[in-house]
Amino acid sequence: MTPSQTPSEDQIPSEDSRHRAQRPKFIYSHGSEPDPRYTLANERTFLAWIRTGLAFIAGGIALNAFTVDMAGDTRKTISIIALGIGSIISLWAWISWARVERSMRERQPLKHSPALVLLSGTVFAIAVIAAIAFL
Amino acid sequence: MRPIDEGMPRERTLLSWRRTVLAFSIASFALARLALAESLTLAESLAATALLVIVLIVVISMLLYRGSMSAVGVSTFIVSATTFLLGVIEILLVLKD
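Attention in this report is confined to the structure presented alongside it. (Residues numbered from 1 in each chain as written. Chains lettered and ligands numbered in written order. Predicted model: local features only at pLDDT ≥ 70, side-chain atom pairs only at ≥ 80, totals over all residues.)

## Re the overall build of chain A
Each helix and strand in chain A was counted, giving 5 helices and 0 strands. Reading chain A from its N terminus to its C terminus gives the helix and strand order α-α-α-α-α. Scored against the burial criterion, the 135 residues of chain A give a buried share of 26%. Taking the intrachain contacts of chain A between residues at least 6 apart in sequence as the baseline, contacts between residues at least 24 apart amount to 67%. (Helix = DSSP H or I, 4+ residues; strand = E, 2+ residues; numbered from the N terminus. Buried ≥ 20, exposed ≤ 12 C-beta atoms within 10 Å, placed from the backbone. Contact = placed C-beta atoms within 7 Å.)

## Comments concerning the packing of helix α1 (residues 9-35) of chain B against helix α2 (residues 40-66) of chain B
Residue and element names in this part refer to chain B. Where α1 meets α2, the axes come as close as 9 Å, and the angle between the chain directions of the two elements is 175 degrees. Put simply, α1 runs roughly antiparallel to α2. On α2, the residues that touch Arg-10, Leu-14, Trp-17, Val-21, Phe-24, Ser-25, Ser-28, Phe-29, Leu-31, Ala-32 and Ala-35 of α1 are Leu-42, Ala-43, Leu-46, Ala-47, Ala-50, Ile-54, Ile-57, Val-58, Ser-61 and Tyr-65. Residues belonging to the contact of α1 with α2 are distributed by class as follows: 17 nonpolar, 3 polar and 1 charged. (Axes fitted to C-alpha atoms, helices over the stretch in contact; angles between N-to-C directions. Parallel < 35°, antiparallel > 145°, perpendicular 65-115°, else oblique. Nonpolar A, V, L, I, M, F, W, Y, C, P; charged D, E, K, R; others polar.)

## Concerning the packing of α2 of chain B against helix α3 (residues 72-96) of chain B
To characterise two packed helices, one gives the angle between the axes of the helices and the distance between these axes. Residue and element names in this part refer to chain B. The contact between α2 and α3 brings their axes to 11 Å, and the two run at 155 degrees. Considered as vectors, α2 and α3 are oriented roughly antiparallel to each other. As for the relative orientation of α2 and α3, their crossing is left-handed in sense. Seen from α2, the contacting residues are Val-53, Leu-56, Ile-57, Ile-60 and Leu-64; seen from α3, they are Val-72, Ser-75, Ile-78, Val-79 and Thr-82. (Left-handed = near helix turned anticlockwise from the far one by under 90°.)

## Focus: the environment of Trp-92 of chain A
Residues and elements named next belong to chain A. Summarising the element assignment, Trp-92 is placed in helix α4 (residues 74-105). Residue class for Trp-92 comes out buried when judged on the 21 C-beta atoms lying within 10 Å of it. For the pair Trp-92 and Lys-111, spaced 19 residues apart in sequence, the C-alpha to C-alpha distance is 14 Å.

## A look at the environment of Asp-69 of chain A
Along the chain, Asp-69 of chain A falls in the loop between α3 (36-65) and α4. The sequence separation of Asp-69 of chain A and Ala-133 of chain A amounts to 64 residues, and the corresponding C-alpha distance is 8.5 Å.

## Let's talk about the interface of chain B and chain A
Across the boundary between the two partners, chain B contributes 32 residues, which contact 33 residues of chain A. Counted by class, the side of chain B that touches chain A contains 19 nonpolar, 9 polar and 4 charged residues.

Just geometry here; none of it tells us what the structure is for.
So this is what it looks like as structure tokens:
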């Protein structure tokens, strides 16, 4: 590039203007860009939560599809619980990703999430209900 | 000598997107198979929509990996919303039985 072709400073999009163009604005209009490794780690955590949600949904589908010898409407109930939890986890994944991304941009400590405790409790509850239904 | 990309975070993230696409494909096509019992049109619509979303996610993840796209917020939202819809549609199908 010859000096005559060099764009002036105001023609080069600044780091901030590129971030402003990103969506959603409630995340990218705050703070500054964190270390890319942390951003990518946050993205991978989001994807891991989505896969957990999909596993619940697939479990709910499987339970509904196969003939399982369970008392009354237990099979249907467990299936709906699994599908509901899977759906909630998939939405929670995005909310959690957004919160962490914004905290990282603002250089704030990451907020505590009750999701893991709730997830463990739900898996335990499903296992207990299924065990009782099989007996 | 220091490695060029410490920990290969981009590769790990791309592989994570791939695993998610695989899980999404299994769940959505299982749902389409179940919907076949209700209606052929519904099953075909679900399968076609799932295929479209899968292609979209694969393309987005490739662009993110190459660094030629920075819409992480939008792409994560699409994945989140379609997974949520998948669960809701299945709940409706179970309740209809």
